[in-house]
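Residue-level listing of the chains:
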There are 2 protein chains.
Amino acid sequence: MKTDRNAPIGVFDSGVGGLTVAREIMRNLPMEKIVYFGDTARVPYGSKSKETVIRYSRQIVRFLQKQGVKAIVIACNTASALALDTLEKEIDIPIIGVVKPGARVAARETTKKRVGVIATEATINSHLYRELIQQIDPEITVVGKPCPLFVPLVEEGWRKDPVTEIVARRYLKEMQDEKVDTLILGCTHYPLLRGVIGSIMGDQVQLVNPAYETSLALKQLLIEQDLLNQGSVEEEFPYRFYVSDAAEKFKSFANSILPYDVEMTKQVNLEE
Amino acid sequence: MKTDRNAPIGVFDSGVGGLTVAREIMRNLPMEKIVYFGDTARVPYGSKSKETVIRYSRQIVRFLQKQGVKAIVIACNTASALALDTLEKEIDIPIIGVVKPGARVAARETTKKRVGVIATEATINSHLYRELIQQIDPEITVVGKPCPLFVPLVEEGWRKDPVTEIVARRYLKEMQDEKVDTLILGCTHYPLLRGVIGSIMGDQVQLVNPAYETSLALKQLLIEQDLLNQGSVEEEFPYRFYVSDAAEKFKSFANSILPYDVEMTKQVNLEE
């Protein structure tokens, strides 16, 4: 079976956070079409078990394959950390996550070999960032810290709020004490708190957003597998969005972070 | 079909919050057996659409019926507000929620006819508390306010924390300005923040926890329908717990709020 280069890229996340990854793909691969799936009915993934995150991710991958995607990007740190290993054995199209690209850039950027990772409970407990970074350089110390309130604070719209700053100061204290020089924003919501996190950590600490690096890794992969779209995206709807709940709410959030107007968002039920 | 008086009561919630309701049932109906279901894989319900909450609740009701329950208590404000109406038409055993009992006690207790309701977004947007209270007394003013950060703050374990107090002060400001004399804790997690909420609202404001009133409504219902358990609970496991994810985590939370040790917690998959 020959894969169609004109086929879209499948991108999925537990909810809206993965749009920060979709945005980077739109910027760096403007010729590519995208089918995005946000599991808004079952968000968040960060506090769920590995078994459940794999089951949910598998349902989404099946849905994306039915949409005829040529490759899949797991735009969710938790699903990347818990489900990528399993899923890549089960499907015959390329699939990548955000953790490996994020780990790679952190290992490259750290000058004092001290990297911090902030992420969901599930991502931190998987220890995958540490494992991947130390595969590149075993001398790098990696300090992980779950920040469970960051996602609800972003969703409450308190992105530049004194409360968010107090919470962030508490969560980040360990990172300051450990004198990390590079900090991975290991959950797709966290780049939306970049302002607060950056001002607490200070200019000398490099903040790594895996989204940008993931879009580069995707480009590399498409080139290697001869899957780059050669034509131009002239379709009326090059970007299609699907969610498992509350399409209208998703659309308004999407419109606030994407550089163009999201027209079509459809709700689908994966459980049937 | 004759229903068995010895059959258990089914109690369900989106997660652990409903245990505060189960606890009241254990206290006020010590002869009754309980099958509890917490939908920990899909928690929270408070930000989901009506359609999705009905679909999930229906799956749980079906599961509880398979366990042979004689009556069902929806121990979740969001599911009570969004799904009870639909579900009671679909099943032939008695089913009650927490909203109606909570509304009734608030209407009875308010002296200045000014009631506040704090709850999830979905519960507030349903306007059900207001509707039910004004059915009892149309002159009562009802002020609603969603408090989306309360649940994550409880789950983070910051129940008596300065951050929680700042957040609560902001959420409750409207309730103070509106001079409510009675405040409904309209989400099963909120009674766990009773200390902070009570100190902000002051002694003159009555806090209503629908859980206690719900256990009394259940008792009344069982008497009316001749369903009270006449024997004694001498089984080894009168209380059985089921969750859709992370049974161990649930067990440790349950053990922190129930007056006895939770032994058996089983994980089940409702989607198959």
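For chain A, the name recorded in an unreviewed UniProt entry is Glutamate racemase, with Oliverpabstia intestinalis as its organism. Taken directly from UniProt, the Function (unreviewed entry) text for chain A runs: "Provides the (R)-glutamate required for cell wall biosynthesis." The Catalytic activity (unreviewed entry) comment attached to chain A in UniProt states, word for word, "L-glutamate = D-glutamate".

**Q** Explain the relation of the copies chain A and chain B residue by residue, including any values.
**A** With an RMSD of 0.0 Å, chain A superimposes on chain B once it is rotated by 180 degrees and translated 0.0 Å along the axis. Overall, the copies show the geometry of a two-fold rotation axis. Considering only C-alpha atoms, the residue of chain A closest to the rotation axis is arginine 42 of chain A, which sits at 2.5 Å.

**Q** Give me the sheet that holds strand E6 (residues 141–146) of chain B: which residues, what numbers.
**A** All names here are of chain B. Strand order across the open sheet formed by four strands is E6-E5-E7-E8, with parallel pairing between neighbours. Strand pairing shows two members of the sheet lacking a second neighbour, E6 and strand E8 (206–208), which therefore form its edges. Taken pair by pair, the neighbouring strands of this sheet meet at an average axis angle of 20 degrees, ignoring direction.

**Q** Outline the domain arrangement of chain A, supporting the account with residue identities and numerical values.
**A** Interface size is commonly expressed as the accessible surface area that is lost when the partners come together. Residue and element names in this part refer to chain A. Parsing chain A into structural domains produces domain 1 (9–97 + 212–267) and domain 2 (100–210). For domain 1 versus domain 2, the distance between C-alpha centres works out to 22 Å. Each partner contributes residues to the interface: domain 1 has 23 residues there, and domain 2 has 19 residues. Around 1600 Å² of area is buried between domain 1 and domain 2 when both sides are counted, 57% of it from carbon and sulfur atoms. On inspection of domain 1 and its partner domain 2, the count reaches one salt bridge. Residue arginine 108 is joined to glutamate 213 by a salt bridge in which the shortest nitrogen-to-oxygen separation is 3.3 Å. In this structure, the connection of domain 1 to domain 2 is made through ten residue pairs in polar contact (both at pLDDT 80 or more). Elements with a contribution of two residues or more to the side of domain 1 that touches domain 2: helix H1 (19–28), helix H3 (77–90), helix H10 (210–224) and helix H11 (247–257). Counting residues per element, the side of domain 1 that touches domain 2 draws most heavily on H3, at five residues. When grouped by side-chain class, the residues that make up the side of domain 1 that touches domain 2 number eleven nonpolar, nine polar and three charged.

**Q** Quick rundown of the sheet that holds strand E6 (residues 141–146) of chain A? Include the residues and the values.
**A** All names here are of chain A. Reading across the sheet, the four strands line up as E6-E5-E7-E8 and stay open at both edges, with parallel pairing between neighbours. The sheet terminates laterally at E6 and strand E8 (206–208), the two strands that pair on one side only. For this sheet, the mean inter-axis angle between neighbouring strands, taken without regard to orientation, is 20 degrees. With four bridges joining them, strand E5 (residues 114–119) and strand E7 (residues 182–185) adopt parallel strand pairing. Within E7, the position partnered with glycine 116 by the bridge is leucine 183. Against the sheet, helix H4 (residues 99–109) contacts E5, E7 and E8, and its axis sits at roughly 170 degrees relative to E7.

**Q** Account for the packing of helix H4 (residues 99–109) of chain B against helix H10 (residues 210–224) of chain B, with residues named and values stated.
**A** Residue and element names in this part refer to chain B. Close contact between H4 and H10 brings their axes to 8 Å; oriented N to C, the two are set at 110 degrees. The orientation of H4 relative to H10 falls into the category roughly perpendicular. From H4, Pro101, Gly102, Arg104, Val105 and Arg108 reach across to H10, where they touch Pro210, Glu213, Thr214 and Ala217. A per-class count over the contact of H4 with H10 returns four nonpolar, two polar and three charged.

**Q** An account of the UniProt feature "active site" (unreviewed entry) in chain A is requested, with residue identities and associated values reported.
**A** Residue and element names in this part refer to chain A. The residues that UniProt annotates with the feature "active site" (unreviewed entry) are Cys76 and Cys187. In three dimensions, the annotated residues from a span of 112 residues occupy one location, with a maximal C-alpha spread of 6.9 Å. By secondary structure assignment, the location of cysteine 76 is in the loop between strand E3 (71–74) and H3. Apart from residues lying up to four places away in sequence, cysteine 76 is in contact with Phe12, Asp13, Ser14, Tyr45, Val98 and Thr188. Note on placement: cysteine 187 falls in the loop between E7 and helix H9 (194–201). Accessibility expressed as a relative area gives 7% for cysteine 187, which makes it buried.

The rules behind each value
Residues numbered from 1 in each chain as written. Chains lettered and ligands numbered in written order. Predicted model: local features only at pLDDT ≥ 70, side-chain atom pairs only at ≥ 80, totals over all residues. Heavy atoms only, no water. UniProt positions renumbered as here; feature names shortened; annotations may be inferred. Least-squares fit on C-alpha atoms with pLDDT ≥ 70 in both. Pairing = 2+ DSSP bridges. Helix = DSSP H or I, 4+ residues; strand = E, 2+ residues; numbered from the N terminus. Axes fitted to C-alpha atoms, helices over the stretch in contact; angles between N-to-C directions. Domains from an automatic or database assignment. Contact = heavy atoms within 4.5 Å. Buried area = accessible area lost by both parts, 1.4 Å probe. Salt bridge = Lys/Arg side-chain N within 4 Å of Asp/Glu carboxyl O. Polar contact = N/O pair within 3.5 Å; in protein donor to acceptor, adjacent residues only side chain to side chain. Nonpolar A, V, L, I, M, F, W, Y, C, P; charged D, E, K, R; others polar. Parallel < 35°, antiparallel > 145°, perpendicular 65-115°, else oblique. Buried < 20%, exposed > 50% of the residue type's maximum accessible area, 1.4 Å probe, protein only.

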